[in-house]
Amino acid sequence: MADPRRLPRLDAFTLPRGIYLDGNSLGVLPTAAQAAIERRLRQWQVHGVAAWDDWFGLAERLSPALARLVGAHPDEVIATGSITVNLHQLLATLHRPEAGRRDVLASALDFPTDLYALRAWAERGGGTMRLVPSRDGYTIDAVDVEAELARGGIATMLMPVVQYRSGQRFDVRRLTAAAHAAGALALWDAAHSIGAMPHTLHDDGVDAAVWCSYKYLNAGPGAPGGLFLHRRHHARGPGLPGWWGHDKETQFAMASAFTPAAGAGRLQLGTPPILALAGLEGALAVFEEVGVDAVRARSLALTERLLLLLEQQVPEVRVVTPRPHPERGGHLAFAHARAASIAAALRRRGVVPDFRGPDLVRLAPVALYTRESDLDQAVAALRALLDAGEEWLEPSTGAVG
Ligand SMILES: Cc1ncc(COP(=O)(O)O)c(C=O)c1O
């Protein structure tokens, strides 16, 4: 049973200097990830190519733990690629424009790479990309997504589970059902939700999803991401076949014809980066021990505390993250005309936030390694720099991420 009192697990991480509130850009180093990477490195050093006897199938062996994080069957997920590559793979596999239904739908606030991939596949199929606009510049109204779906003509919808700027969380089940009712596929980007909260992708009927593992999963910079492909699509061959997606029993028979592996594993492309995959191997062990329900419970408690501290002590900044828990991800974002300078000044004072232009500072109190006192000190630092008058208006030293 998940128990949030067992968190934070400060002993399980090596924390960078300062108060680290940027785990939604790059998570910190888990001791278990370091150990796993060192182990895989030694295997390479000692055994050379023979180490592949152990490395072969490593991604598949991570599937049960990954599946628990996203609410899937193990054969519906695979650790591979990046969000960008996996989106192209899923769109090549699933996106089927037909007469009267050629468009794709996303939100105007989506991460650029998602929009680039989606637009490319829309245009390839003779359709256009429709973007649901934001009414306030920070959030998207679910009814606007539903209304656009209901207009018809959409073959594929792609939405973020949690929006990367404001931290708004969407109702996956509701919008998936709306997409299906309109005859569209429902694809989801879980970059800002995996490792921060539980998911129920299979039961929600999601067609496919992608995520990265360098944020809340703490698997390391550029570690392999992952994808989910619902069982209902497992009879399909990959749109972009590669030899690592071949049936594992016969992969090394080197046949010229492609026989797909079982399940989502068939969407793998080439040789996996074993050292980076080892980072994920170690990082997942932390979640296996703690349980993602406990992570979500503590995450909500921390964002709630941060919200109250900001409201009480720094009323001049405007938190744009939705207040209701079901609509909140793992970070808070506040808007300020001088957001870039504030983020830079906070870093000079030993607090690590990040900045998303033009006007947002994001603060991620990651449940696994953030303490309440970190938030108290971070907000006190923010109050102090605003009180210091113009000091923080110095030109920005550059934004993180
Ligand atoms: C929502 C979202 N999608 C995609 C990406 C990046 O994709 P990739 O892992 O391919 O670089 C990010 C990175 O921050 C993101 O926040």
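Everything here concerns the structure above.
Residues numbered from 1 in each chain as written. Predicted model: local features only at pLDDT ≥ 70, side-chain atom pairs only at ≥ 80, totals over all residues. Heavy atoms only, no water.

1. Considering the pattern of salt bridges
Right, on to step 1. Under the counting rule described, the total for this entry stands at 26 salt bridges.
Right, on to step 2. For Arg61, the salt bridge is made with Asp54, and the minimal N-O distance between the two is 3.7 Å.
Right, on to step 3. By relative accessible area, Arg61 is classed as partly exposed at 44%.
Right, on to step 4. Classification of Asp54 as partly exposed rests on a relative accessible area of 29%.
Right, on to step 5. Among the ionic pairs, Asp354 bridges to Arg362, the shortest N-O distance being 2.5 Å. The same class applies to Asp354 as to Arg362, namely buried.
Right, on to step 6. Taken together, the shared-partner salt bridges in this structure form one network comprising Arg39, Arg40, Asp54, Arg61 and Glu281. (Salt bridge = Lys/Arg side-chain N within 4 Å of Asp/Glu carboxyl O. Buried < 20%, exposed > 50% of the residue type's maximum accessible area, 1.4 Å probe, protein only.)

2. Re helix α12 (residues 372-387)
Think of an α-helix as turning once every 3.6 residues; residues three or four places apart then point the same way.
Right, on to step 1. Compared with the 22 Å implied by 1.5 Å per residue over 16 residues, the 23 Å span of α12 between its first and last C-alpha is a close match.
Right, on to step 2. Inspection of α12 places Asp374, Leu375, Ala378, Val379, Ala381, Leu382, Arg383, Leu385 and Leu386 among the buried residues, and these make up the whole buried set.
Right, on to step 3. Where the residues of α12 are buried, they touch β2 (19-20), α10 (292-313), β12 (332-335), α11 (339-348) and β13 (351-352).
Right, on to step 4. A positive backbone phi angle near 75° is found at Gly389, which sits one or two residues after α12. (Helix = DSSP H or I, 4+ residues; strand = E, 2+ residues; numbered from the N terminus. Expected span 1.5 Å × (residues − 1). Contact = heavy atoms within 4.5 Å.)

3. Some thoughts on the packing of helix α7 (residues 142-150) against helix α8 (residues 172-181)
Right, on to step 1. Where α7 contacts α8, the axes come no closer than 9 Å and their chain directions differ by 15°. One element, α7, and the other, α8, form an angle in the roughly parallel class. The two elements α7 and α8 cross, and the hand of that crossing is right-handed. Across the interface between the two elements, Ala142, Val143, Val145, Glu146 and Leu149 from α7 touch Arg174, Leu175, Ala178 and Ala179 from α8. (Axes fitted to C-alpha atoms, helices over the stretch in contact; angles between N-to-C directions. Parallel < 35°, antiparallel > 145°, perpendicular 65-115°, else oblique. Left-handed = near helix turned anticlockwise from the far one by under 90°.)

4. Thoughts on the side chain of Arg9
Right, on to step 1. On the secondary structure map, Arg9 appears in the segment before β1 (13-14).
Right, on to step 2. Once residues lying within four places of it in the same chain are set aside, the contact partners of Arg9 are Glu289, Val290 and Leu368.

5. Topic: the sheet that holds β12
Within a beta sheet, neighbouring strands are joined by backbone hydrogen bonds and run either parallel or antiparallel to one another.
Right, on to step 1. As summarised here, the arrangement of the 4 strands in space is β11-β12-β15-β14, forming an open sheet in which the pairing is antiparallel. Each having just a single partner strand, β11 (318-319) and β14 (354-356) make up the two edges of the open sheet.
Right, on to step 2. In the sheet, β11 pairs with β12 via 2 bridges, with the strands oriented antiparallel. Following the sheet pairing, Val319 is matched in β12 by Phe334.
Right, on to step 3. Lying on the sheet, α11 is in contact with β12, β14 and β15 (360-363); it crosses β15 at an angle near 40°. (Pairing = 2+ DSSP bridges.)

6. Looking at the pairing of strand β6 (residues 129-132)
Put simply, side chains in a regular strand alternate between the two faces of the sheet.
Right, on to step 1. Where strand β5 (residues 103-107) lies against β6, 4 bridges are found, and the strand directions are parallel. Following the sheet pairing, Ala106 is matched in β6 by Leu131.
Right, on to step 2. As a crossover connection, the stretch from β5 through helix α6 (residues 112-124) into β6 is right-handed. (Right-handed = clockwise from strand over helix to strand, strands pointing away.)

7. Observations regarding the sheet that holds strand β4 (residues 77-79)
Right, on to step 1. The strand order across the open sheet formed by 7 strands is β4-β10-β9-β8-β7-β5-β6, and the pairing between neighbours is mixed. Every interior strand has two partners, whereas the edge strands, β4 and β6, have only one. Within the sheet, the average angular offset between the axes of one strand and its neighbour, ignoring direction, is 15°.
Right, on to step 2. Along the sheet, helix α5 (residues 83-94) makes contact with β7 (154-160), β8 (185-189), β9 (208-211) and β10 (226-229), crossing β9 at roughly 165°.

8. Some thoughts on a nonpolar patch on the surface
Right, on to step 1. A surface patch of nonpolar side chains, amounting to about 290 Å² of accessible area, comprises Leu41, Trp44 and Leu275.
Right, on to step 2. Position of Trp44 among the secondary structure elements: in helix α1 (residues 31-47). (Patch = residues over 30% accessible without salt bridge, like charges linked within 9 Å, V, L, I, M, F, W, Y side chains within 5 Å. Areas by Shrake-Rupley, 256 points an atom, 1.4 Å probe, with all protein chains shown as cover.)

9. Looking at α6
Right, on to step 1. Taking 1.5 Å of rise per residue, 13 residues should cover 18 Å, and α6 covers 18 Å from first to last C-alpha, within 8% of that figure.
Right, on to step 2. For α6, every residue scored as buried is listed here: Thr113, Asp114, Leu115, Ala117, Leu118, Trp121 and Ala122.
Right, on to step 3. Just downstream of α6 lies Gly126, where phi reads positive at about 80°.

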